[in-house]
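# Structural overview
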Amino acid sequence: MVDHNERRKQICDVLLDIVSEAGIAAATIREVADRSGWSTGVIGHYFKNRQDLLLGGLRRAAEILGEHNTRVINTLEGIAALEQILEGSIPLDKRRLALCRIFFFFYAEGMTVADLRQELESYLVGWRKSATRAIRQAQAHGDLPADLEPKRVAADLVGLADGLSIHSLLDPRVMSQLREQSPIRYWIRRLGTEVPSGDKGESAPPTRYASA
C-alpha cells in the first residue's frame, strides 16, 4: 500500500535536489519524473501543475528546517544551538542551497499573494521562535547576558542570516567570505562579550537588545 504522504515528500526531495544543482528554472514536472523514476502521471497525481509542485517544495523546505531546529534544540545547548539554528538556512551545502533558492523564489510573490504571504510568515515566525528558545537556553547557561530581550535579538539575528543568504546567492564574494568565517557566529559571540562599564564606543551592544 502506498504511503501518499511519504511519496509526496520523496517527490519534493527530488525537486529540491534539482533546485540545488540547476536552479528553479530546471525544476519541472518532467525533470522530477525523469530523476525520480516515476511517470509524469504519478507526479500529476500529487501536484496539479509546476507551480503547485514548487509550492510543495517550499512546504517541504519549511518542514526540513523545522525538523532541523527541533533536533538542534534537543541535542545542543547554549550558543552552539543558536549558531546551528541560524546557520541552518545559509546555503553552505547542497540541501541548504536548495532551501534558500526555493524560499527566495517565493518571497517576491508572497508580497502580493495573501495566502502565500501567510505561509511564508508562518515559516519565519517558527524560525524566530526556535532562535528565541535557543537564546533563552544560552542565557540560562550563562553564555549570553541575562538582560538581553530574546525575541528582539532573535528577530535581528534571523534577519541577518536571511540577508546574508540572499547576498551570498547573488555575490560569489559574499559566499566565499561565509565559507571562510561565519558573521553569524561573530555577532552572537559579540552579544556574549561583556563591555566594560562606561565604554560608549562601537564595541558596546545596541541598547535596544536590553530588556525594558
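Now for a description of the structure that goes with this document. (Residues numbered from 1 in each chain as written. Predicted model: local features only at pLDDT ≥ 70, side-chain atom pairs only at ≥ 80, totals over all residues. Heavy atoms only, no water.)

## Observations concerning the pattern of salt bridges
Counting across every chain of the model gives 14 salt bridges. Close ionic contact of Arg60 with Glu63 constitutes a salt bridge, the shortest N to O distance being 2.7 Å. One end of the pair, Arg60, and the other, Glu63, are both in helix H4 (residues 50-75), three residues apart, so they sit about a helical turn from each other. Arg60 gets classed as buried once you look at its relative accessible area, which sits at 12%. According to the relative accessible area criterion, Glu63 is partly exposed, its value standing at 30%. (Salt bridge = Lys/Arg side-chain N within 4 Å of Asp/Glu carboxyl O. Helix = DSSP H or I, 4+ residues; strand = E, 2+ residues; numbered from the N terminus. Buried < 20%, exposed > 50% of the residue type's maximum accessible area, 1.4 Å probe, protein only.)

## Points about the packing of aromatic side chains
Using the criterion set out here, one finds five aromatic pairs in the structure. Ring centres 4.0 Å apart and planes at 15° place the aromatic pair Phe103 and Tyr123 in the stacked group. Of this pair, Phe103 sits in helix H6 (residues 94-110) while Tyr123 sits in helix H7 (residues 114-140), and the two are 20 residues apart along the sequence. In terms of burial, Phe103 and Tyr123 fall into one category: buried. (Phe/Tyr/Trp six-rings, centres within 6.5 Å; stacked < 30°, edge-to-face > 60°.)

## Details of the packing of H6 against helix H8 (residues 150-170)
At a minimum axis separation of 11 Å, H6 and H8 run at an interaxial angle of 95°. For the element pair H6 / H8, the angle class is roughly perpendicular. Residues Leu97, Cys100, Arg101, Phe104 and Tyr107 of H6 form the contact with H8, whose participating residues are Asp162, Ser165, Ile166 and Leu169. (Axes fitted to C-alpha atoms, helices over the stretch in contact; angles between N-to-C directions. Parallel < 35°, antiparallel > 145°, perpendicular 65-115°, else oblique. Contact = heavy atoms within 4.5 Å.)

## What to know about the nonpolar core
Within the largest apolar cluster, 59 residues are counted, with the highest numbers of intra-cluster contacts made by Leu82, Leu86 and Phe103. Contact partners of Leu82, with chain neighbours within four places excluded, come to Ala131, Ala134, Ile135, Leu144, Leu157 and Ile188. (Core = buried A, V, L, I, M, F, W, Y, C linked by side-chain atoms within 4.5 Å.)

## Quick word on H4
For H4, built from 26 residues, the straight-helix expectation of 38 Å at 1.5 Å per residue is met to within 8% by its first-to-last C-alpha distance of 37 Å. Its side-chain oxygen at 3.2 Å from the backbone nitrogen of Gln51, Asn49 defines the N-terminal cap of H4. (Expected span 1.5 Å × (residues − 1). Polar contact = N/O pair within 3.5 Å; in protein donor to acceptor, adjacent residues only side chain to side chain.)

## Side note on the environment of Asp17
Note on placement: Asp17 falls in helix H1 (residues 4-22). Once residues within four sequence positions are removed from consideration, Asp17 is found in contact with Arg35, Lys94 and Arg95.

## Quick notes on the environment of Leu124
Here Leu124 lies in helix H7. The residues contacting Leu124, other than those within four sequence positions of it, are Tyr107 and Asp162.

## Topic: the environment of Leu15
Mapped onto the elements, Leu15 comes out in helix H1. With relative accessibility at 0%, the residue Leu15 sits in the buried group. Spatially, the C-alpha atoms of Leu15 and Arg60 are 9.9 Å apart, while their sequence positions differ by 45 residues. In contact with Leu15, other than residues within four places in its own chain, are Ala27, Val32, Leu53, Leu54, Gly57 and Ile102.

## Looking at the packing of H1 against helix H2 (residues 29-36)
Their axes nearest at 9 Å, the elements H1 and H2 cross at an angle of 110°. Regarding the angle of H1 to H2, the classification is roughly perpendicular. Residues Ile11, Val14, Leu15, Asp17, Ile18 and Glu21 of H1 pack against Glu31, Val32, Arg35 and Ser36 of H2. Among the residues making up the contact of H1 with H2, the classes are represented as five nonpolar, one polar and four charged. (Nonpolar A, V, L, I, M, F, W, Y, C, P; charged D, E, K, R; others polar.)

## Here's the deal with the side chain of Ser182
Along the chain, Ser182 turns up in the loop between helix H9 (172-180) and helix H10 (183-191). Within the local environment of Ser182, its side chain forms a polar contact with the side chain of Glu87, the two groups lying 2.5 Å apart.

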